[in-house]
Every structure is written in C-alpha cells, then in structure tokens.
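Here are the chains, one letter per residue:
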Amino acid sequence: MDWRTTTAFLCLYGAVKEFRPATPFLTPFLASPEKNLTLDELYSQVFPYWTYSYMLALIPMFVLTDILRYKPIVMIEAIGLVATWGLLVFGKGITQMQVMQISFGVASAAEIAYYSYIYSIVDKKHYKRATSYIRSAALLGKLVAFGLGQALISTHASDFLVLNQISLGAVCIVTVIAVFLPRVKSDNAKVSIRALPVEDQQNVEFVTNEPKELKVSYTREYLKRTLEELKECSKNQELLKWSLWWALASCGVYQVQNYTQSLWKEMQADPEDVANGVVEFVNTALGAFLSLFIHHLSIDWASHGQMIIFITSAIIAGLLYVCSQTQTVMVAYISYVVIASIYHMLITAASANVAKELSSNNHGLIFGCNTFVAVCLQSFLTLIVVDARFLHLDIRTQFVVYSGYFALVAIIFAFFFLISLCSKTTRSSIIEEPQDDSKEEVFPE
C-alpha cells in the first residue's frame, strides 16, 4: 500500500479517536450529581491512577510496538478507550473510576504506536510532512469534538452524560477502523531478515517456512540489536537534546492538563455553565495550525533549538505562576492555551528531529523511551505533590510547583545554550587566528 494511503488511514483513525466531546468536561462530570465525587477525591484518589498505570503500561508497549509492528498496539489503544468511556457512562463510585483511569492509562501508553507507525512506512525526506499530517489529524478530531461539546452545553441541548455517550460511540467506531489499518510487514520482511544472524540470512526461504522459529529468532536478535542501537543513540547529542526536552516538557504538560480543570473549577461561578469546551477548541485549533505551520518554517534547529527551548520554557513557567495566583478564570484559560500551543509546536518539531536522527526502524522504541521517562517523572511528581499519602498540596500550590518545574527546565537549557555558544565562539577564534609568518621556510638543498 502506498505511504500516502496508509497516512490517510492513520489520519482518519487519529481524527475519530480524538472525537471525544466529553474530554473538556471530565472534572465537572465526575463532580456532578451523576457521579457525585468531590474535587479532593478526584485529584488525590482517582486521577493519579492514570499516571501510574500509564507508566507501568509503557514498559511493554514501547518494546512490543516494534516487535509486533504497530497495528496490534493501535488496536489495544482503541479497546482501552472503549473500556474507559464504557466505565464513564455506566460506572459508579471511586473504585470504578480508578479502573476507568487505569484503562485510559493503558490506552495512552498504546498511543505511542499511532505516532511512530508512520515512520515505518515513510521515507526520511517525508518525515516532517507526515508528522504534521498525523498530529494535525488528531488535533482536527479534537477541534470538532470540543466545538460540538461546548455548543451542546452552552445551548443546554444536552448534559455531560450525553457527551460521554457520544464519546463512547466514537471510540467504538475507531476500534472498527483499527481493524482495517494495514499491517506493517517489517519493511516487507527486510527488517526481519536483517534481524537474523548472517548465517540464517542465507537460508531465508527455509526459516520463513517455520513462522515460530522466525519469530523467536527475530525477537531475540531484535532485542540484541535494540540494545546496541540505544548505545549508539546515546552518543548522538542532537538526539539526546530533543529527547531530554521531550521527556521534561511532556511530564510538565501532562501534569498541567490532568489538573487544570480542577483549578478552573475553583474559579468558575456556575459549575453547570462552563467554557472548557471553547478553551479546548481554541487550543486545538491553534495546535493544528502550528503543527502544520512549523513544517513550513526554515529553522536551523541544530543551531537555535536550545535557545528556543530555553525561552519557551521560561514563558511557560511564568504563565503557570500567573495561573496559580489569579482569581479570574479567563486569565487561566488564556494562559493554558498559550502553554498548550507552545507544546504542540515544539513536540511536532521534536518528533521530526528525533526521527531524523534515527538510523533504524526503532522509532516506537525511542519514542516510547522518551515518553516513559516523561511518565516516570510525572509519576514521581504526582506521588509527592498530589497523592494523599504524601504532601497532598492544594490545587493552587500544585501550580506553583509546576511553575518552578518549568523554570528548572528553562535553566537546564539556558546552561546548554551557553555551553554551545561558548563552544562556537572558541571554534571561531581558532579558525580566525592569523598564521604566524615568522616561521622559517625550509628549502630543499
């Protein structure tokens, strides 16, 4: 199948799976009489289960994504989403909502297959374009869903439960789409052959007649090759820089996204008349635009990437502090949109830059490693800051902590930027150093 057709299939999958109009209203729904949970129960007993399950599920997901060649993991994501919204519609009580968050954590972990699938079928010269299409399709699905959700709530045409029922229908449809996604055949069997020992490559016809033997040999050699490639990747400074930002920024943004509705709810006068959908609509529209727009920018990320990351991280830190102090929900809304837009733009750049630096088909593994580190950091942050067994900070103090976290990220990349600047200055001075003409010329006798 042509890469354009597969990309179109993936875009359709991404758009439909993100068509969940209930998402911006999750906290108001769970805190409503329908579910009857308190804010404290939500952010200290329910929401942390997503972070912990996400972290644990990522371990098998990012390894199996490349071994199973993407499609089975994409199907796990779809099934996890069905379980999540099934529990949201029909479930009751803290325990069932905790199971709902675990299901969503598994689905979130499996999402790595969706975002890395494309790199197994697209030539490197198309990475930037394909990345933009895939991310923009997912954002488009969110855009339509959030717009619909806000319209239904604002006009009182439906309640939060109906939005969750619509979301359940959408994730059921996406499960059907996942079944028809084309299977990636290890680069048309070239990857599987390459994974085998040299002596077995000469007997490919015999081995392929024994599927079990091929699978065992491929898996063993794949894991061995993966460890070697991870060692090689650790020597690539550009890859390490983007992977570090990916992990640190994703950790902070995931945490903000998880708890921002709880912060907004403290400022909202009428819990039944909220503008969460409008905010997510604008946020998603900007994200989709920026994901496409950045593809057309001629930015030398190798030269200016660290400076851009430093400046944007400092902006995010400042905006989060403003959110923690303001009593005006509109200020919190605007700050959130700016933060999310910055992240959408840079994560698209990070995905393309990381993929460009890879020399194999292990995109699922590398993307998974980055996400795994992010979620490990987020789990630690959740455990210390949010969980009832530790500090259990109030929501505003939490956002002060998140502001300090991004300030630390800004400091780290400011340090890297200064080192890079000093290194360039030193190299330039060596190159421009005048030649010493006082040296004696030696003439042959």
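Relevant structure appears above.
Only a predicted model underlies this, so the values are computations on that prediction, with no experimental measurement involved.

### Concerning the overall build of the protein chain
Right, so step 1: Looking only at helices and strands, the protein chain features 18 helices and 0 strands.
Right, so step 2: Residues classed as buried in the protein chain amount to 53% of the 445 residues present.
Right, so step 3: By sequence separation, contacts in the protein chain at least 24 residues apart represent 83% of the contacts at least 6 residues apart.
Right, so step 4: Working note: accessible area of the protein chain is about 20,500 Å², and carbon and sulfur atoms make up 65% of it.

### A look at the pattern of salt bridges
Right, so step 1: Taken as a whole and assessed by the stated rule, the structure comprises 8 salt bridges.
Right, so step 2: Taken together, the shared-partner salt bridges connect Lys17, Glu18, Arg20, Glu77 and Glu111 into one network.

### With respect to a nonpolar patch on the surface
Right, so step 1: Judged by side-chain polarity, Ile311, Ile315, Met330, Ile334 and Val338 come together as a nonpolar surface patch covering roughly 420 Å² of accessible area.
Right, so step 2: Elements represented by at least two residues in the nonpolar patch include exactly α15 (301–325) and α16 (329–357).
Right, so step 3: Element by element, the count of residues in the nonpolar patch is highest for α16, at 3 residues.

### Re helix α8 (residues 160–179)
Right, so step 1: The end-to-end C-alpha separation of α8 is 30 Å, in line with the 28 Å expected for 20 residues at 1.5 Å each.
Right, so step 2: Every buried residue belonging to α8 is among Phe160, Leu161, Leu163, Asn164, Ser167, Leu168, Ala170, Val171, Val174, Thr175, Ile177 and Ala178, and all of these are buried.
Right, so step 3: Those residues of α8 hidden inside the fold are in contact with α1 (3–17), α2 (26–30), α5 (71–90) and α7 (127–154).

### Looking at the packing of aromatic side chains
For any pair of aromatic rings, geometry is given as the distance between the ring centres together with the angle between the planes.
Right, so step 1: Summed over the entire model, instances satisfying the criterion amount to 19 aromatic pairs.
Right, so step 2: Seen from their ring centres, Tyr70 and Tyr117 are 5.6 Å apart, and the 45° between their planes marks the pair as tilted. Of the two residues, Tyr70 is situated in the loop between α4 (48–67) and α5 and Tyr117 in helix α6 (residues 93–117); the sequence distance between them amounts to 47 residues. We note that Tyr70, like Tyr117, is buried.
Right, so step 3: Summarising the aromatic geometry, the rings of Phe399 and Tyr402 are spaced 5.3 Å apart at their centres and angled 65° between planes, so their arrangement reads as edge-to-face. Of this pair, Phe399 and Tyr402 are both found in helix α18 (residues 395–431), 3 residues apart, which corresponds to roughly one turn of the helix. Both residues of the pair, Phe399 and Tyr402, count as buried.
Right, so step 4: Clustering of aromatic rings is evident, with ring pairs tying together Trp50, Tyr54, Trp85, Phe104 and Tyr254.

### Structural notes on a negative patch on the surface
Right, so step 1: A surface patch of negative charge is lined by Asp159, Asp270, Glu272 and Asp273.
Right, so step 2: Along the chain, the position of Glu272 falls in the loop between α13 (237–267) and α14 (276–293).

### Some remarks on the environment of Gln378
Right, so step 1: One can find Gln378 in helix α17 (residues 363–385).
Right, so step 2: Gln378 sits in the buried class, given a relative accessible area of 0%.
Right, so step 3: Residues Gln378 and Ser250 lie 128 residues apart in sequence; the distance between their C-alpha atoms is 8.7 Å.
Right, so step 4: Leaving out residues up to four positions away in the same chain, Gln378 has contacts with Trp50, Thr51, Cys251, Tyr254, Gln255 and Asn258.

### With respect to the packing of α1 against α6
Right, so step 1: Interaxial distance between α1 and α6 falls to 10 Å at its minimum, and their mutual angle equals 145°. Seen from above, α1 lies across α6 with left-handed handedness. Taking contact as the criterion, the partners of Thr6, Leu10, Cys11, Tyr13, Gly14 and Lys17 in α1 are, on α6, Glu111, Tyr114 and Tyr117.
Right, so step 2: Counted by class, the contact of α1 with α6 contains 5 nonpolar, 2 polar and 2 charged residues.

### Regarding the side chain of Thr326
Right, so step 1: Structurally, the position occupied by Thr326 is in the loop between α15 and α16.
Right, so step 2: A relative accessible area of 13% means that Thr326 is categorised as buried.
Right, so step 3: A polar contact is formed between the side chain of Thr326 and the backbone nitrogen of Thr328, at a distance of 3.1 Å.
Right, so step 4: In this view, Thr326 contacts Met267, Val331, Ala332 and Arg396; residues no more than four positions away in its chain are not counted.

### Here's the deal with the environment of Phe9
Right, so step 1: Turning to its location among the elements, Phe9 is positioned in helix α1.
Right, so step 2: Phe9 sits in the partly exposed class, given a relative accessible area of 28%.
Right, so step 3: Spatially, the C-alpha atom of Phe9 lies 9.1 Å from that of Ala178, the residues being 169 residues apart in sequence.

### Side note on the side chain of Thr175
Right, so step 1: The topology assignment puts Thr175 in helix α8.
Right, so step 2: Setting aside its immediate chain neighbours within four residues, Thr175 contacts Ala78, Ile79 and Val82.

### Regarding the nonpolar core
Right, so step 1: Formed by 113 residues in total, the largest nonpolar core has its most connected members in Tyr13, Leu30, Trp245, Phe399 and Tyr402.
Right, so step 2: The greatest single-element share of this core, amounting to 15 residues, is contributed by α13.
Right, so step 3: Of the residues that make up this core, three or more belong to each of domain 1 (1–191) and domain 2 (233–428).
Right, so step 4: In contact with Tyr13, not counting residues within four places along its chain, are Val74, Glu77, Ala78, Tyr114, Val174, Ile177, Ala178 and Leu181.

Rules behind the numbers
- Position numbers for residues start from 1 in each chain and track the written sequence from start to end.
- Reporting of local features is limited, given that this is a predicted model, to residues whose pLDDT is at least 70; pairs of side-chain atoms are given and counted only at 80 or more, and all residues count toward the totals for whole chains, interfaces and linings.
- With hydrogens and water excluded, all non-hydrogen atoms of the structure serve as input to the side-chain values.
- Starting at the N terminus, helices and strands are each numbered in turn, a helix being any DSSP run of H or I of at least four residues and a strand any DSSP run of E of at least two.
- Exposed residues in this analysis have more than 50% of their type's maximum accessible area, buried residues have under 20%, and partly exposed residues fall in between, with area computed by a 1.4 Å probe over protein chains only.
- Residue contacts are counted whenever heavy atoms from the two residues lie within 4.5 Å of one another.
- Only the protein chains shown count as cover for residues, and all accessible areas are computed by the Shrake-Rupley method using a 1.4 Å probe.
- Definition used for salt bridges: Asp or Glu carboxyl oxygen within 4 Å of a side-chain nitrogen of Lys or Arg.
- In this analysis, a patch consists of residues with relative accessible area above 30% that form no salt bridge, clustered at 9 Å for like charges and at 5 Å for the nonpolar side chains Val, Leu, Ile, Met, Phe, Trp and Tyr.
- To estimate how far a helix should reach, multiply one less than its number of residues by 1.5 Å.
- Note on aromatic contacts: the rings of Phe and Tyr and the six-membered ring of Trp form a pair at centre separations within 6.5 Å, being stacked when their planes are under 30 degrees apart, edge-to-face when over 60 apart, and tilted otherwise.
- His residues and chain termini do not enter the charge count, which takes Lys and Arg as positive and Asp and Glu as negative.
- By convention, the charge on Lys lies at NZ, on Arg at CZ, on Asp at CG and on Glu at CD.
- A fitted line through C-alpha atoms represents every axis, and for helices the fit uses only the stretch in contact; the resulting angles, taken between N-to-C directions, go from 0 to 180 degrees.
- In a left-handed crossing the near helix is turned counterclockwise from the far helix by less than a right angle, and in a right-handed crossing that turn is clockwise.
- For this scheme, ten residues count as nonpolar: Ala, Val, Leu, Ile, Met, Phe, Trp, Tyr, Cys and Pro. Four count as charged, namely Asp, Glu, Lys and Arg, and the remainder, Gly too, count as polar.
- Contacts described as polar in this section are N or O atom pairs within 3.5 Å, which, within protein, must combine one atom able to donate a hydrogen with one able to accept it, while residues neighboring in sequence count only if both atoms come from side chains.
- What we call a nonpolar core is a set of buried Ala, Val, Leu, Ile, Met, Phe, Trp, Tyr and Cys residues that are connected through their side-chain atoms within 4.5 Å.
- Domain extents, as shown, originate in an automatic or database domain assignment.

Remember that the coordinates give geometry; whether it matters functionally is a separate question.
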